[in-house]
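Each chain is listed here by its residues.
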Number of protein chains: 2
Amino acid sequence: MRISELSRRSGVPVATIKYYRREGLLPEGRALNPTAVEYGEEHIQRLRLIRSLIQLGGLSVARTREVLEAVDRPLDAFETLGVVHHALPVPSADKNGKGGQEDSVPDIAADEATSGEGATARVETLIESMGWQISDESPHRPALAESLAALARLGAEYTTDDLLPYARLATSTADLDFEQFDGIDDRIALAERAVVLTVLFEPVVRLLRRLAQEDANHRRHHRRACRRE
Amino acid sequence: MRISELSRRSGVPVATIKYYRREGLLPEGRALNPTAVEYGEEHIQRLRLIRSLIQLGGLSVARTREVLEAVDRPLDAFETLGVVHHALPVPSADKNGKGGQEDSVPDIAADEATSGEGATARVETLIESMGWQISDESPHRPALAESLAALARLGAEYTTDDLLPYARLATSTADLDFEQFDGIDDRIALAERAVVLTVLFEPVVRLLRRLAQEDANHRRHHRRACRRE
């Protein structure tokens, strides 16, 4: 198919397709003659992956290139998932706080010393207690330590014991997540699914927690009201 | 204490304190004479809450004012928590995707029709199946429907049955969350804790899921490797 059809079928504008090609994200098509290039189904599939990495995953073009190179290498599913997983944006307390800000507010200087000492040690103890296998390069290990340090600075100190029940529930959630990969063998499809699951399904998990919190608040309230009667 | 001491003890700059006072977030102090105003411990506590709502919760000044008015009304803990909970920024797929973007990328037109029909119905069925009590004004109800619709547009359709096991785990997580409120009776302290728990503890939950996912990937890989031997 020509670039116009590739654009129509993939839903990606011609200018964007050319941009991705210039950036080396999309392989060249087959030259039919000096002015016409032929694209195949593999280009549609690749465009879908690029789109989900950049638009949904929030990856930079450079990061996307790295992930695509990993997907192209003859890695097994396990390694492909590992590369995609580590490339995705890491949740942080910081990013979270920016969400709802509507008007500008004078900046408040960070006044507390960086407390939360031993946050890194707590993360290591937690990983060990859970028997989790986490690579040394995992971006989630230092991110968790930072989040715990931020909480400690606010006077909310969480011990390894406080975190263990949450970690056990996270294991159950991850097992559910991985059932979604069952039967997917194609590396590109797998990478796409990893982006969907990690980034797009994340708000679903967070919203279910919010709804469950509202329900828990109701349940506690009623229990207390019944005790009073 | 004078404003300078209030600033020192709360860690909030004098200019910011004056700004909060002008915006009606912080009550006036007691006028000692035409040029000196006396502040009390309640101002320090209030400043801490304002800070956590704006800086950590990401609330606008207008939203913060609403929450503070609710905290000041003689509501019970249940209602106070409800108001704070609904005022906090709602997780969305959209906000998530913006995180890691480093370089600018030509915009891609939204090409698919809004699919995911029945996402709202699925959310209602889910809430009913779980027996959850959720108010009609909950911002999390439409947000979940939107997230499910976004997933459906990408070909990842989740049925109520797919979501139920996740919802059950969310209930367990919410029960853990609420144990953290035990023994807090003061309304301001409760509101503060709700912000910490909902907004700041959220990245911890997300990061634990990421770590558990990496471990699940390892476990699956090894199981497969062992079967091959």
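Refer to the structure presented above.
The shown structure was predicted, so the numbers you read here are calculated from the model rather than taken from an experiment. (Residues numbered from 1 in each chain as written. Chains lettered and ligands numbered in written order. Predicted model: local features only at pLDDT ≥ 70, side-chain atom pairs only at ≥ 80, totals over all residues. Heavy atoms only, no water.)

(A) Region of the structure containing the overall build of chain A. The secondary structure content of chain A amounts to 10 helices and 2 strands. Ordering the α and β elements of chain A from the N terminus gives α-α-β-β-α-α-α-α-α-α-α-α. Across the 229 residues in chain A, those meeting the buried criterion constitute 53%. Taking as baseline every contact in chain A between residues at least 6 positions apart, the subset at least 24 positions apart corresponds to 62%. For chain A, the exposed surface amounts to about 10,700 Å²; the carbon and sulfur share of it is 48%. (Helix = DSSP H or I, 4+ residues; strand = E, 2+ residues; numbered from the N terminus. Buried < 20%, exposed > 50% of the residue type's maximum accessible area, 1.4 Å probe, protein only. Contact = heavy atoms within 4.5 Å. Areas by Shrake-Rupley, 256 points an atom, 1.4 Å probe, with all protein chains shown as cover.)

(B) View of the relation of the copies chain B and chain A. Taken as rigid bodies, chain B and chain A are interconverted by a rotation of 180 degrees and an axial shift of 0.0 Å, the fit giving an RMSD of 0.1 Å. Here the symmetry operator amounts to a two-fold rotation axis. Looking at the rotation axis and the C-alpha trace of chain B, the residue lying nearest is Leu169(B), at 3.3 Å. Interface overlap between copies: 100% of the residues of chain B at the interface are likewise at the interface in chain A, consistent with a symmetric, same-surface contact. (Least-squares fit on C-alpha atoms with pLDDT ≥ 70 in both.)

(C) View of the interface of chain B and chain A. Taken together, the 105 residues of chain B in the interface contact 106 residues of chain A. Across the chain B to chain A interface the summed buried area is about 10,100 Å²; carbon plus sulfur atoms make up 62%. Here chain B and chain A share 12 salt bridges between them. Two residues, Arg219(A) and Asp175(B), come together in a salt bridge whose shortest N-O distance is 3.3 Å. Along the contact surface separating chain B from chain A lie 32 residue pairs in polar contact (both at pLDDT 80 or more). Of all the secondary-structure elements, those providing two or more residues to the side of chain B that touches chain A are α2 (14–22), α3 (41–56), α5 (77–87), α6 (93–97), α8 (140–153), α9 (160–179) and α10 (187–228) of chain B. For the side of chain B that touches chain A, the leading source of residues is α10(B), giving 28 residues. Across the side of chain B that touches chain A, the residue classes break down as 50 nonpolar, 33 polar and 22 charged. (Buried area = accessible area lost by both parts, 1.4 Å probe. Salt bridge = Lys/Arg side-chain N within 4 Å of Asp/Glu carboxyl O. Polar contact = N/O pair within 3.5 Å; in protein donor to acceptor, adjacent residues only side chain to side chain. Nonpolar A, V, L, I, M, F, W, Y, C, P; charged D, E, K, R; others polar.)

(D) Highlighting the pattern of salt bridges. Overall, the coordinates contain 32 salt bridges over all chains when judged by the stated rule. Between Arg219(B) and Asp215(B) there is a salt bridge, and its shortest N-O distance comes to 2.9 Å. Pair noted here: Arg219(B) and Asp215(B) are both in helix α10, with a separation of 4 residues, about one helical turn. Given a relative accessible area of 28%, Arg219(B) falls into the partly exposed group. Bridged by salt links that share partners, the residues Asp177(A), Glu202(A), Arg206(B), Arg209(B) and Arg210(B) form one connected network.

(E) Region of the structure containing the packing of α3(B) against helix α4 (residues 61–72) of chain B. Residues and elements named next belong to chain B. The interhelical angle for the contact between α3 and α4, taken along N-to-C directions, is 135 degrees, at an axis separation of 10 Å. Classified by the angle their axes make, α3 and α4 are oblique. By crossing handedness, the relation of α3 to α4 is classed as right-handed. Residues Arg 46, Leu 49, Ile 50, Leu 53 and Ile 54 of α3 form the contact with α4, whose participating residues are Val 61, Thr 64, Val 67, Leu 68, Val 71 and Asp 72. Looking at the contact of α3 with α4 residue by residue, the classes come out as 8 nonpolar, 1 polar and 2 charged. (Axes fitted to C-alpha atoms, helices over the stretch in contact; angles between N-to-C directions. Parallel < 35°, antiparallel > 145°, perpendicular 65-115°, else oblique. Left-handed = near helix turned anticlockwise from the far one by under 90°.)

(F) Quick peek at the side chain of His218(B). For His218(B), the location among the structural elements is in helix α10. His218(B) sits in the buried class, given a relative accessible area of 16%. Leave out the neighbours within four places in its chain, and His218(B) touches Phe78(A) and Gln133(A).

(G) Structural detail: the packing of helix α1 (residues 3–10) of chain B against α3(B). Residues and elements named next belong to chain B. Where α1 meets α3, the closest approach of the two axes is 10 Å, and the angle between their N-to-C directions is 50 degrees. In terms of orientation, α1 and α3 fall into the oblique class. The element α1 and its partner α3 pack so that their crossing is right-handed. On α3, the residues touching Leu 6, Arg 9 and Ser 10 of α1 are Glu 41, His 43, Ile 44, Leu 47 and Arg 51. Residues of the contact of α1 with α3, tallied by class, amount to 3 nonpolar, 2 polar and 3 charged.

(H) Region of interest: the packing of aromatic side chains. Enumeration over the complete set of coordinates arrives at 8 aromatic pairs over all chains. Each residue in the set Tyr158(A), Tyr166(A) and Phe201(B) is aromatic and connected to the rest through ring pairs, giving one cluster. (Phe/Tyr/Trp six-rings, centres within 6.5 Å; stacked < 30°, edge-to-face > 60°.)

(I) Looking closely at the pairing of strand β1 (residues 30–33) of chain A. All names here are of chain A. Relative to strand β2 (residues 36–38), β1 runs antiparallel, the two being bridged by 3 bridges. Following the sheet pairing, Asn 33 is matched in β2 by Ala 36. Between β1 and β2, which follow one another and run antiparallel, lie 2 residues. (Pairing = 2+ DSSP bridges.)

(J) Quick peek at the environment of Ala62(B). Residues and elements named next belong to chain B. Within the secondary structure layout, Ala 62 lies in helix α4. Overall, the relative accessible area of 35% leaves Ala 62 in the partly exposed class. Measuring from C-alpha to C-alpha, the distance between Ala 62 and Leu 25 comes to 9.2 Å, with 37 residues separating the pair along the chain.

(K) Local environment of the environment of Ile127(B). Of note, Ile127(B) is situated in helix α7 (residues 119–130). What makes Ile127(B) buried here is its relative accessible area of 6%.

Limitation: the analysis is restricted to geometry and does not speak to function.
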